[in-house]
Amino acid sequence: MTNIPETGRTPRVQIRLVVIQILVLSLLGTLGGRLWYLQIRNGDEYAKEASGNHVQQVVSPAVRGSILDARGVPIADNETRLVVSASRTDLMKMKDDGDAVLTKLAAVLGMKTSDVLDKVRLCDSKTPQPCWNGSPYQPIPITDEATPKQALQIRERAEDFPGITAEPQAVRRYAAPGGANTAQVLGYLSPVTDEEITKAEHTDSPYLRSDQVGRSGLERQYDKELRGKAGVTRYEVDNLGRVIGQAESDKAQPGANVVTSIDSRVQRVAEYELNEAMKDARKEHDRNTGVNYKADSGAVVVMENATGRVVSMASNPSYDPNAWVGGISGKDYTRLTGKESNYPLLNRAIQGQSAPGSVFKVISTAAAIKAGYSFNGPYQCGASYSIGGQVFKNFESKGYGPISLGRALEVSCDTVFYSLAHEQWKKDGGIKPKKDAKDWFYRTAHQFGLGKETGIDLPNEVSGRVPDRRWKQDYWKANKDAWCKYGKKGGSYAQQIAYENCLEGNRMRAGDSVNYSIGQGDTLVTPIQMATIYGAIANGGTLYDPTVGKAIISADGKDVREIKPKSHGRLPMSKQTRDEIDGALEGVATRGSAAWRFGGWPQDEIPMHAKTGTAEVYGKQTTSWFTTYTKEYTVVMTISQGGTGSGASAPAVRKIYNALYGVSEDGEIDRRKALLPTPQKSLPKIEKDGSIDAPKVGVYPPKADEQATEEGQQQVAYDGPAATVPASGTGTNRAARRRPGNPKGLKKGRRSLV
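To start, this report covers the structure provided alongside it. What you see is a predicted model, and the numbers here were worked out from it, not measured in a lab. Sequence positions are assigned chain by chain, starting from 1 and proceeding in written order. Under the rules for a predicted model, residues below a pLDDT of 70 receive no local features and side-chain atom pairs below 80 are neither given nor counted, while totals for whole chains, interfaces and linings still include all residues. Note: side-chain values were computed over all heavy atoms of the structure, leaving out hydrogens and water.

**Points about helix 21 (residues 527–539)**
Since the α-helix advances by 3.6 residues per turn, residues separated by three or four positions end up pointing in the same direction.
Consideration 1: Each helix corresponds to a stretch of at least 4 residues labelled H or I by DSSP, and each strand to a stretch of at least 2 residues labelled E; elements are numbered beginning at the N terminus. Between the first and last residue of a helix there are one fewer steps than residues, each counted as 1.5 Å, and that sum is the expected span. Taking 1.5 Å of rise per residue, the 13 residues of helix 21 would be expected to cover 18 Å, and the 18 Å separating its terminal C-alpha atoms lies within 8% of that figure.
Consideration 2: Note on exposure labels: buried denotes an accessible area under 20% of the residue type's maximum, exposed denotes more than 50%, and partly exposed covers the range between, all computed with a 1.4 Å probe on protein chains only. Where burial is concerned, most of helix 21 is hidden: twelve out of the 13 residues are buried.
Consideration 3: Within the sequence span of helix 21, burial applies to P527, I528, Q529, M530, A531, T532, I533, Y534, G535, A536, I537 and A538.
Consideration 4: Where helix 21 terminates, the next one or two residues include G540, which has phi positive at roughly 110°.

Shown next as structure tokens:
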């Protein structure tokens, strides 16, 4: 007899089988639950992700919009060029990192091997330009000036050039119509960086790796509008990468076009006359330094009084923005950023700041009246004014006796403003200011808009400086240690100044106030600030935000968004004071310090108002300022180390007015030769097909036998070299970008907006 059950299993074995069965059932239950979760609950999500593994995207870059002048003439557009590019990803897979391929490519393109190698290296803190600052996964352009023969060689010998492509692409062109460079206003493009791509990823305007983005000027300010939206085509592919169908497609949306208030004809005149004025200044002897004036930089602004729109803005030295197209060379980059070329990338109309000299006196005049002084005076205009043991001289030590504030503006009498500023300084408590010090001269400058940006639609505008008591204190705190270390009592002039600043640089001294009253000392302004102020005096007192953009027009011409003029306040003066200052500024042009430059001007028909300025800068020659306005326009010019306002800048400003109104040297007006006697109010005419009227641009200065006219207006074009830093290695294709004429495929006299 045995204790083994009939099944042949002991109780222990049965227990084990039950446990195993439970484990198996648990595993099957877990697996079933997981399958339900993946296929039922989240089935759609994972199915979508799985299908994405079999979709490839092809990106079609959007065509960048054009930048047009006020009449529709393209000043920045696109053209098709043969572009040779290198895939860094493919090159890095090679044993020599693609050096052999790039060396062969350099031979085909007729370039130096080192230049080609430099173009594909990545930028970092240790790598100087030229280098690639875009995405390393994006094809890197080597040149956009390849000939058809070179492109054919590369494509037919593809096995010799792995990772190299030669394709027709749309590239930027800065046409310089009529020789109007407009470089600093337009700006330039460069490839988008990985950092920018990440930053814009979740915005309404994300970047693609192939994008070029604006780096300065209008290209940067209106980059979002100009860039458009790239097209994306999605293809279904099998596991071998073969296309089996098209999933969906988003068409590329070309960028909008920006119509500006710039008139290319006036722009050319302004650039040319500024350059000629600087060349003429260099021929003049500076009796203070014993050498000729250096006239190393300058700027000019032409602005509409009633709107604040900028008709022309020129900065010198300038450059050819086409140097950036297709990647800038090391030689060009050094020229554009080096000290020897005096930094031509700077737009000195909005970024160049200097002491304003006597053009500041309109602000001091308004301040004096706000402080309770009479416009009619009289005030003593002596040859000099003394404060303690220090003598402040009138310009050229000339005195005019008792005069009004109006006459002080006309003859630019410094000593009148010295005495007013000194008296007001004493009323405010002098070196130990009262708690309720009025500081009218400083407060009024802020109310005129100085010490802050004007709000112009261009990036990187600087604010200038009003050296009031708060600024003095902050500046002293920041520099006290350096002054105390360098300063020396009885030392050199610079050491004595540092010594004084160390002891009481935070105090508003009498000398600070009197210097400030005539636009000297620590005061800094920009040309665009002075244009805004004088334009406001001309229009009755409204301070406008200066604008260059006039309208945003979609590529098909159906959507037009005008950029309306905006005001940021009014001048801090009564109508009576404005009228009195206006009359005095007219007197400057007819019987004052600028009268010798406006002899024969048709004052009855085109009333001219002006103010001369000569600013002294320690360690440099004097800065020339000339501010003017008529009923329609304000024109402001400044030349660094150029001499006096009436001597250096005034002749050029008059020639700009001559071109605007069609005035001859003897004062006769010929309306047929007038470029823009009244501001351009309407936008260019847009046709149903999206094209736009684009009149031709003729010659300036006009040749004796070629005074071309169109629709009763003289045309302007390039005739002679501009003061630009040239691009090295300028080839046929690059030169063609600046060549006047209609782009291929366009109707004569019309420019496609697409």
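**Description of the environment of N394**
Consideration 1: Here N394 lies in the loop between strand 18 (390–393) and strand 19 (401–403).
Consideration 2: Sequence-wise, N394 and Y418 are 24 residues apart; in three dimensions their C-alpha atoms are separated by 9.3 Å.

**Let's talk about the packing of aromatic side chains**
Consideration 1: To pair, rings of Phe, Tyr and Trp, with the six-membered ring standing in for Trp, must have centres within 6.5 Å; the planes then decide the type, stacked if under 30 degrees apart, edge-to-face if over 60, and tilted in the middle. One pass over the full model with this rule turns up 13 aromatic pairs.
Consideration 2: The rings of F598, W601, F626, Y633, Y657 and Y661 are connected pair by pair, giving a single aromatic cluster.
Consideration 3: Think of it as a cone above the ring: NZ of Lys or CZ of Arg counts as a charge over the ring if it is within 6 Å of the ring centre and within 35 degrees of the ring normal. The ring of W440 has R443 sitting right over it, with the charged end atom 5.0 Å from the ring centre.
Consideration 4: Lying over the aromatic face of Y475, R465 brings its terminal NZ or CZ to 6.0 Å of the ring centre.

**Things to note about the state of the cysteines**
Consideration 1: We call a pair of cysteine sulfur atoms a disulfide whenever their separation is within 2.5 Å. Per the counting criterion, the structure on display carries three disulfides.
Consideration 2: Paired through a disulfide, C123 and C131 show a sulfur-sulfur distance of 1.9 Å. Across the disulfide from C123 to C131, rotation about the S-S bond amounts to roughly 105°, and the bridge is consequently right-handed.
Consideration 3: For C123, a relative accessible area of 28% corresponds to the partly exposed category.
Consideration 4: Note on cysteine connectivity: C484 is disulfide-linked to C502, with sulfurs 1.9 Å apart. Between C484 and C502, the S-S dihedral sits near 90°, and the bridge is therefore right-handed. Note that C484 is positioned in helix 18 (residues 469–486) and C502 in helix 19 (residues 493–504), a separation of 18 residues in sequence.
Consideration 5: The exposure class of C502 is buried, given its relative accessible area of 13%.
Consideration 6: Look at the protein and number its bonded cysteines as they come in the sequence; the links are 1-2, 3-4, 5-6.

**So, the pattern of salt bridges**
Consideration 1: Each reported salt bridge corresponds to a side-chain nitrogen of Lys or Arg within 4 Å of a carboxyl oxygen of Asp or Glu. In total, this model carries 26 salt bridges according to the counting rule given.
Consideration 2: The shortest N-O distance in the salt bridge between D512 and K472 comes to 3.0 Å. Taken together, the residues span a long stretch of sequence, with D512 in helix 20 (residues 510–517) and K472 in helix 18 at a distance of 40 residues.
Consideration 3: When salt bridges with common partners are traced through the structure, they connect R64, R172, E219, D223 and R227 into a single cluster.

**Here's the deal with a nonpolar patch on the surface**
Consideration 1: Patch membership requires more than 30% relative accessible area and the absence of a salt bridge. Residues of like charge join within 9 Å; the nonpolar side chains Val, Leu, Ile, Met, Phe, Trp and Tyr join within 5 Å. The accessible surface values rely on the Shrake-Rupley method and a 1.4 Å probe; as for residues, cover is taken only from the protein chains in view. Nonpolar side chains collect at one region of the surface, where V13, L17, I20, V24, L25 and L28 lie side by side and expose about 520 Å² of accessible area between them.
Consideration 2: Within the fold, V24 resides in helix 1 (residues 11–41).

**Re a negative patch on the surface**
Consideration 1: In this charge count, Lys and Arg are treated as positive and Asp and Glu as negative; neither His nor the chain ends contribute. A charge is said to be at NZ when it belongs to Lys, at CZ for Arg, at CG for Asp and at CD for Glu. There is a patch of like negative charges on the surface, built from D604, E605, E665, D666 and E668.
Consideration 2: As for its placement among the helices and strands, E665 is situated in the loop between helix 23 (645–661) and strand 27 (691–693).
Consideration 3: We classify E665 as exposed; its relative accessible area is 56%.

**What to know about the side chain of H422**
Consideration 1: Of note, H422 is situated in helix 16 (residues 414–427).
Consideration 2: Relative accessible area serves as the criterion here: at 9%, H422 is assigned to the buried category.
Consideration 3: Dropping the residues within four chain positions of it, H422 is found in contact with Y385, I387, A510 and V514. Contacts between residues were defined by any pair of non-hydrogen atoms, one from each residue, lying within 4.5 Å.

**Focus on unusual backbone geometry**
Consideration 1: Each neighbour pair has its own omega, and for N316 with P317 the value is 10°, a cis peptide bond.
Consideration 2: Mapped onto the elements, P317 comes out in the loop between strand 14 (310–316) and strand 15 (318–319).
Consideration 3: Looking along the chain, the bond that leaves G377 and enters P378 is cis, with omega of 5°.
Consideration 4: With respect to the helices, strands and loops of the structure, P378 is situated in the loop between helix 14 (361–370) and strand 16 (379–381).
Consideration 5: Positive phi, close to 55°, is recorded for T182, a residue that is not glycine.
Consideration 6: By the secondary structure assignment, T182 is in the loop between strand 5 (164–173) and helix 7 (183–186).
Consideration 7: You can call T182 buried: its relative accessible area is 2%.
Consideration 8: A positive phi angle is found at N460, which is not glycine, with a value near 65°.
Consideration 9: Tracing the chain through its elements places N460 in the loop between helix 17 (440–447) and helix 18.

**Comments concerning the sheet that holds strand 24 (residues 609–615)**
Consideration 1: Should DSSP find at least two bridges between two strands, the strands are regarded as paired. Overall, antiparallel pairing links the five strands, which are arranged 14-13-26-25-24 in an open sheet. In the strand order of this sheet, the two ends are held by strand 14 and strand 24, each with one partner. Neighbour to neighbour, the strand axes of the sheet diverge by 5° on average, direction disregarded.
Consideration 2: Sheet analysis places strand 25 (residues 623–629) next to strand 26 (residues 633–640), joined by six bridges and oriented antiparallel. Opposite T628, over in strand 26, you have V635 as the bridge partner.
Consideration 3: Contacts between helix 22 (residues 575–590) and the sheet are confined to strand 24 and strand 25, with strand 24 contributing the most and set at about 75° to the helix. Only the stretch in contact is used when fitting a helix axis, every axis being a line fitted to C-alpha atoms; angles between N-to-C directions are given from 0 to 180 degrees.

**Structural notes on the nonpolar core**
Consideration 1: Ranked by size, the top nonpolar core spans 131 residues in total, and within it M313, V416, Y534, I656 and L660 carry the most contacts.
Consideration 2: Broken down by element, this core gets its largest block of residues, nine residues, from helix 23.
Consideration 3: When near neighbours in sequence (up to four residues on either side) are disregarded, Y534 contacts V359, V362, L585, K611, T627, Y629 and T634. In plain words, nonpolar cores are sets of buried Ala, Val, Leu, Ile, Met, Phe, Trp, Tyr and Cys residues tied together by side-chain atoms within 4.5 Å.

**Side note on the packing of helix 4 (residues 99–109) against helix 5 (residues 113–120)**
Consideration 1: Axis separation between helix 4 and helix 5 bottoms out at 8 Å; the angle between their running directions is 125°. Relative to helix 5, the element helix 4 is oriented oblique. In the packing of helix 4 onto helix 5, the handedness of the crossing is right-handed. Packed against helix 4, whose contacting residues are D99, L102, T103 and A106, the element helix 5 presents T113, V116, L117 and V120 at the interface. Should an angle lie under 35 degrees it is considered roughly parallel, over 145 roughly antiparallel, and from 65 to 115 roughly perpendicular; all remaining angles are considered oblique. Less than a right angle of anticlockwise turn of the near helix away from the far helix marks a crossing as left-handed, whereas a clockwise turn marks it as right-handed.

**Thoughts on helix 18**
Consideration 1: Here helix 18 contains 18 residues, and its C-alpha end-to-end distance of 24 Å stays within 8% of the 26 Å for a straight helix at 1.5 Å per residue.
Consideration 2: Residue N479 marks the point of greatest curvature in helix 18, where the axis turns by about 60°.
Consideration 3: Of all the residues in helix 18, the buried ones are R469, W471, K472, W476 and W483.
Consideration 4: Among the structural elements, helix 16, helix 19 and helix 20 are those in contact with the buried residues of helix 18. Note on bend: the value at a residue is the angle between axes fitted to the seven residues ending there and to the seven starting there.

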